[in-house]
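Read off the chains here:
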Amino acid sequence: MRHQPLPAVRAVEDRLFRALAVLRLVVLLNAVLLNAYRAGNFQHPTAGAVTITAMCAWSLLVTWIYSDASRRTLPVLVVDLALAVVSIAVSPLLKGEGFNATVPGFWVMAALLAWAARLRWQGGLVAGVLLAATDLASRDHVTQNNVGNVFLLVIGGPIVGYLAASLQDMAVERDAAQHAAAAAAERARLARAVHDGVLQVLALVQRRGAELGGSGAELGQLAGEQEVALRGLIRAQDSVVDEPTAPAERDLAAALAPFDGRARTTVVLPGGQVPLPSAVVDEVVGAVGACLDNVARHAGEAASAWVLVEALPERIVISVRDDGPGIPDGRLDAAHAQGRLGVSGSIRGRLSDLGGEARLSTGPWGTEWELAVPREATT
Amino acid sequence: MNEPALRVMVVDDHPMWRDAVERDLIDAGFDVVGVASTGDQAIARFPAARPQVVVLDLQIPGPSGVEVTETVLRHDPAARVLILSASGEQDDVLAAVKAGATGYLVKSASKAELIDAVRRTAAGDTVFTPGLAGLVLGEFRRIADPRKADDDPLEPQLTERETEVLKMVATGMSYKQIAERLVLSHRTVQNHVQNTLRKLQLHNRVELTRWAIDQGLDREQDAE
């Protein structure tokens, strides 16, 4: 037998046995009433009354015994089933060889289901076969009806046993999943506290280092790089801990966050996840990367860049702005005329493949790409 | 002329940080009227210290920075809260802003940026990082999302101009640059940014009130 069952297994079993207690009462009442109604069929009415009284007494006793999981032992189950078998076996003695209905009738179902609930399909099968064999053996003639009832016993036992086992397994799995989720949330909470402490120190080193100058400044810069890296990791972790998106979808915010690690690049996100199909995320990340490469090439080394992600109801808009001198009038047209579409062409191409669009605006305030992708992007 | 020094309170549980910020503020001529390392200390010391600006770390031993923001501003609505956070733009920054904080700076900001931020916060300006502007924009988008279940006619909306300004802040433009690009005055740009915060804070209060009514917290008064 199982030793120390898991709480979830026990909870399911408890419920099954509570249901069984009700069922046992119902089938007992059924047996008592039918026997009282057909009292004339008894050849030995006194012995019959004793048998039925015994069935009632045992029903009450075993219901109490089964009410505590620790008392649902094999010996009790054996006695339960044995009494059911005996109650069938004595039927010909009480009612004569040619009897139609056994004394316990459906009452034996209670013992069968107890075996199924406690000992799974194997228990249900053993109990079903034993009861069926006893029933058939005690009759001098077997009707089609008898065979049907017996057949139901034999298949019902294992089926109920199998369902009980499945319920228990599912409860165990659910418990394990809930436990894992709680543990992950607690780990994330602890990690956040640790990370915050590290980020504090990195920021402090970065700040003080910059003021010290020289090798201090180098240290400060290193601390700054680590700070950005750690922030990226935290964001990646958050997107794992949060409710998982469908496998074909990814979080665009988490995918764009690593650009924040580039020199003089700031990634600004809306908070929360921005789930899009994986292929769309790849294309958008590629396009944003191309925009940022363009910044480095044309706006000069000193230019800073910002990537803003906005999640609108029907589309996602990504703005990439630099604070460079902007593109002089006519330069794009000239490039276009010469057939040199280069980077801007590839950015526009990527976006229109997704059913979106890329718009470029430029002025003394710098250059800005606005990439719009419909939520239901085509890939 | 000798105008009185700005009174500032520093709340941070990290002693090195607290000292560094305090030193920087004193060097800049501010009057650091109080320091605290936990939410409890901050709330207890605030009334006596009467700072004009609270420089507040969000990650402090309870009550949280968000609760501290709420409590001190309820006590003295004229005070200003500047959030100084190490953990970057997260939901708790947004929560602190909804609770009434009007400035936000990441800890990796330089000393000069910190001094400037404290000064501007004290003067009633809103100090936004691009990151916070992105979060606020995102919050308004969420509020306005027609797909969400509870469609509410009272929910705040940004005007087109406010959205435009906030987007520019989120892409790293200074108020001055925005003013030039949109041909507006510096003050107008500032007002637009402030309005977005005010709407968010008001919405927060409306939601809190509604929640209180739902929970039956107003019943005692009704029983009169």
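Each chain carries its own residue numbering, running from 1 in the written order of its sequence. Chain letters and ligand numbers both follow the written order, the letters beginning at A and the numbers at 1. Local features in a predicted model are, by the rule used here, given only for residues with pLDDT of at least 70; side-chain atom pairs are given and counted only at 80 or more, and totals for whole chains, interfaces and linings are based on all residues. Side-chain descriptors were evaluated using all non-hydrogen atoms of the structure, hydrogens and water having been removed beforehand.

Peer 1: What is the right way to look at the overall build of chain A in this model?
Peer 2: Helices and strands together make up the secondary structure of chain A, namely 11 helices and seven strands. Accessibility here uses a 1.4 Å probe with only protein chains present; expressed as a share of the type maximum, an area under 20% marks a residue as buried, one over 50% as exposed, and anything in between as partly exposed. Within the span of chain A, comprising 379 residues, buried residues form 41% of the whole. By the convention used here, residues are in contact when the closest approach between their heavy atoms is within 4.5 Å. Taking as baseline every contact in chain A between residues at least 6 positions apart, the subset at least 24 positions apart corresponds to 68%. Working definition of accessibility: Shrake-Rupley area with a 1.4 Å probe, residue cover restricted to the visible protein chains. For chain A, the computed accessible surface area is about 19500 Å², with 63% contributed by carbon and sulfur atoms. In this description a helix means any DSSP run of H or I spanning at least four residues, a strand means any run of E spanning at least two, and both kinds are numbered starting from the N terminus.

Peer 1: Just checking my understanding: could you explain the interface of chain B and chain A for this structure?
Peer 2: Interface size is commonly expressed as the accessible surface area that is lost when the partners come together. Contacts between chain B and chain A engage 39 residues on the former and 33 residues on the latter. Each reported salt bridge corresponds to a side-chain nitrogen of Lys or Arg within 4 Å of a carboxyl oxygen of Asp or Glu. Where chain B meets chain A, there are six salt bridges. For Lys-167 of chain B, the salt bridge goes to Glu-310 of chain A, with nearest N and O atoms at 3.3 Å. Two N or O atoms form a polar contact when they lie within 3.5 Å of each other; inside protein one atom must be a possible hydrogen donor and the other a possible acceptor, and for residues adjacent in sequence the pair counts only when both atoms belong to side chains. For the pair chain B and chain A, the number of links is 13 residue pairs in polar contact (both at pLDDT 80 or more). Of all the elements in the fold, those that place two or more residues in the side of chain B that touches chain A are helix 1 (15–27), helix 5 (111–122), helix 6 (130–144), helix 7 (160–170) and helix 8 (175–182) of chain B. Top contributing element to the side of chain B that touches chain A by residue count: helix 6 of chain B, with eight residues.

Peer 1: I'm lost on a nonpolar patch on the surface in this one. Help?
Peer 2: Residue and element names in this part refer to chain A. On the surface, Trp-121, Leu-125, Val-129, Phe-151, Leu-152, Ile-155, Ile-159, Tyr-162 and Leu-163 cluster together into a nonpolar patch covering about 890 Å² of accessible area. Looking at the nonpolar patch, the elements that each hand over two or more residues are helix 5 (108–138) and helix 6 (144–212). At six residues, the largest contribution of residues to the nonpolar patch is made by helix 6. With respect to the helices and strands, the residue Phe-151 is situated in helix 6. Here the term patch refers to residues with relative accessible area over 30% and no salt bridge, with like charges joined within 9 Å and nonpolar side chains (Val, Leu, Ile, Met, Phe, Trp, Tyr) within 5 Å.

Peer 1: How should the sheet that holds strand 3 (residues 53–56) of chain B be read in this particular structure?
Peer 2: Paired through their backbone hydrogen bonds, the strands of a sheet run either parallel or antiparallel. Residues and elements named next belong to chain B. One open sheet accounts for five strands, arranged 2-1-3-4-5; its pairing is parallel. Two strands lie at the open edges of the sheet, namely strand 2 (31–36) and strand 5 (103–106), each paired on one side alone. Direction aside, neighbouring strands of the sheet carry axes that sit 20° apart on average. As paired elements, strand 1 (residues 7–11) and strand 2 share five bridges and run parallel to each other. The residue of strand 2 that forms the bridge with Val-8 is Val-32. Together, strand 1, strand 3, strand 4 (80–85) and strand 5 form the strand contacts of helix 5, whose direction differs from that of strand 4 by roughly 155°. Any two strands with at least two DSSP bridges between them are considered paired. Every axis in this analysis is a line fitted to C-alpha atoms, fitted for helices over the stretch in contact. Angles between the N-to-C directions lie between 0 and 180 degrees.

Peer 1: Teacher, can you tell me more about the confidence of the model for chain A here?
Peer 2: Low pLDDT marks regions whose predicted coordinates should not be analysed in detail. Think of pLDDT as the predictor's per-residue confidence, scored from 0 to 100. On average, residues of chain A score 85 in pLDDT, and 91% of them reach the 70 mark or higher. Across chain A, helix 3 (residues 74–89) of chain A holds the top mean pLDDT of 94, while helix 10 (residues 331–337) of chain A sits lowest at 66.

Peer 1: What is the right way to read the nonpolar core from this model?
Peer 2: A general tendency of soluble globular proteins is for nonpolar side chains to be buried together. Counting residues in each nonpolar core, the largest one holds 50 residues, and the members touching the most others are Phe-128 and Val-136 of chain B. Sorting elements by how many residues they give to this core places helix 6 of chain B first, with seven residues. Here Phe-128 of chain B is in contact with Tyr-104, Ala-133, Val-136, Leu-166, Val-169, Tyr-175, Val-193, Thr-196 and Leu-197 of chain B, once residues within four sequence places are set aside. Within this scheme, the nonpolar core is defined by two criteria: the residues are buried Ala, Val, Leu, Ile, Met, Phe, Trp, Tyr or Cys, and they are joined through side-chain atoms within 4.5 Å. The next biggest cluster of nonpolar side chains, apart from the first, holds 35 residues, and it includes Val-288, Ala-290, Ile-316 and Ile-318 of chain A.

Peer 1: When you look at the side chain of Glu-139 of chain B in this model, what are you seeing that I'm missing?
Peer 2: All names here are of chain B. Turning to its location among the elements, Glu-139 is positioned in helix 6. Take Glu-139: its relative accessible area is 11%, and that puts it in the buried class. The contact partners of Glu-139, leaving out residues within four places of it in the chain, are Leu-94, Lys-98 and Leu-200.

Peer 1: Any chance you could explain the side chain of Arg-321 of chain A here in plain terms?
Peer 2: Mapped onto the secondary structure, Arg-321 of chain A falls in strand 5 (residues 315–322). The positive count covers Lys and Arg only, the negative count covers Asp and Glu only, and His and the chain ends enter neither. Notably, Arg-321 of chain A is buried but unbridged: the nearest opposite-charge side chain belongs to Glu-368 of chain A, and the N-O separation is 5.1 Å. A polar side-chain atom of Arg-321 of chain A sits 2.7 Å from the main-chain carbonyl oxygen of Trp-365 of chain A. Within the local environment of Arg-321 of chain A, its side chain forms a polar contact with the backbone oxygen of Thr-171 of chain B, the two atoms lying 2.7 Å apart.

Peer 1: What am I meant to see in the sheet that holds strand 6 (residues 357–363) of chain A here?
Peer 2: On the basis of which strands lie adjacent, the open sheet formed by five strands has the order 2-4-5-7-6 (chain A) and mixed pairing. The sheet terminates laterally at strand 2 (265–268) and strand 6 of chain A, the two strands that pair on one side only. Sheet twist, expressed as the mean angle between neighbouring strand axes with direction ignored, is 15°. As defined by bridge partners, strand 4 (residues 305–311) of chain A adjoins strand 5 of chain A across seven bridges and the pair is classed as antiparallel. Each bridged residue has a counterpart across the sheet, and for Trp-306 of chain A the counterpart in strand 5 of chain A is Arg-321 of chain A. Against the sheet, helix 7 of chain B engages strand 2, strand 4, strand 5 and strand 7 (366–374) of chain A, with an angle of about 135° to strand 4 of chain A.

Peer 1: Sorry, what's going on with the pattern of salt bridges here?
Peer 2: Oppositely charged side chains may form a pair once their charged atoms are brought near each other. For the structure on display, the rule yields 30 salt bridges over all chains. Ionic pairing is found between Arg-208 of chain A and Asp-24 of chain B, a salt bridge with its closest N-O pair at 3.5 Å. Highlighted residues: Arg-208 of chain A in helix 6 and Asp-24 of chain B in helix 1, drawn from two different chains. Three or more residues joined by partner-sharing salt bridges are found here, namely Arg-207, Arg-208 and Glu-211 of chain A together with Asp-24, Asp-27 and Lys-111 of chain B.

Peer 1: Is there a simple way to think about the packing of aromatic side chains in this case?
Peer 2: Working definition: an aromatic ring pair is given by the centre-to-centre distance plus the angle between the planes. Two rings from Phe, Tyr or Trp (for Trp, the six-membered ring) form a pair when their centres sit within 6.5 Å of each other. Planes less than 30 degrees apart are called stacked, planes more than 60 degrees apart edge-to-face, and all others tilted. Enumeration over the complete set of coordinates arrives at one aromatic pair over all chains. In this structure, Arg-120 of chain B is placed above the aromatic ring of Tyr-175 of chain B, and the distance from its NZ or CZ to the ring centre is 5.6 Å. Distance and angle both matter: a charge sits over a ring if NZ of Lys or CZ of Arg is within 6 Å of the ring centre and within 35 degrees of the ring normal.

Peer 1: Just to check I follow, could you spell out the UniProt feature "transmembrane region" (unreviewed entry) in chain A for this structure?
Peer 2: Residue and element names in this part refer to chain A. UniProt positions are given in the numbering used here, feature names are shortened, and annotations may be inferred rather than shown by experiment. Under the feature "transmembrane region" (unreviewed entry), the UniProt entry names residues 21–40, 46–67, 74–94, 106–134 and 146–165. The span residues 21–40 carries 85% helix and 0% strand; its end-to-end C-alpha distance comes to 30 Å. Taken as a whole, residues 146–165 contains 100% helix and 0% strand, while its terminal C-alpha atoms sit 29 Å from one another.

Peer 1: Is there a simple way to explain helix 3 (residues 65–75) of chain B in this structure?
Peer 2: Spacing of three or four residues puts side chains on the same side of an α-helix, whose turn is 3.6 residues. Residues and elements named next belong to chain B. Along helix 3, the residues classified as buried are Gly-65, Val-66, Val-68, Thr-69, Val-72 and Leu-73. Down the axis of helix 3, the buried side of the element spans an arc of 160°, and every buried residue falls inside it. Of the exposed residues in helix 3, the ones pointing more than 90 degrees away from its buried face are Arg-74 and His-75. In this fold, the buried residues of helix 3 make contact with helix 2 (39–49), strand 3, strand 4 and helix 4 (91–98). By arc we mean the arc of the directions from the helix axis to the C-beta atoms, nothing more.

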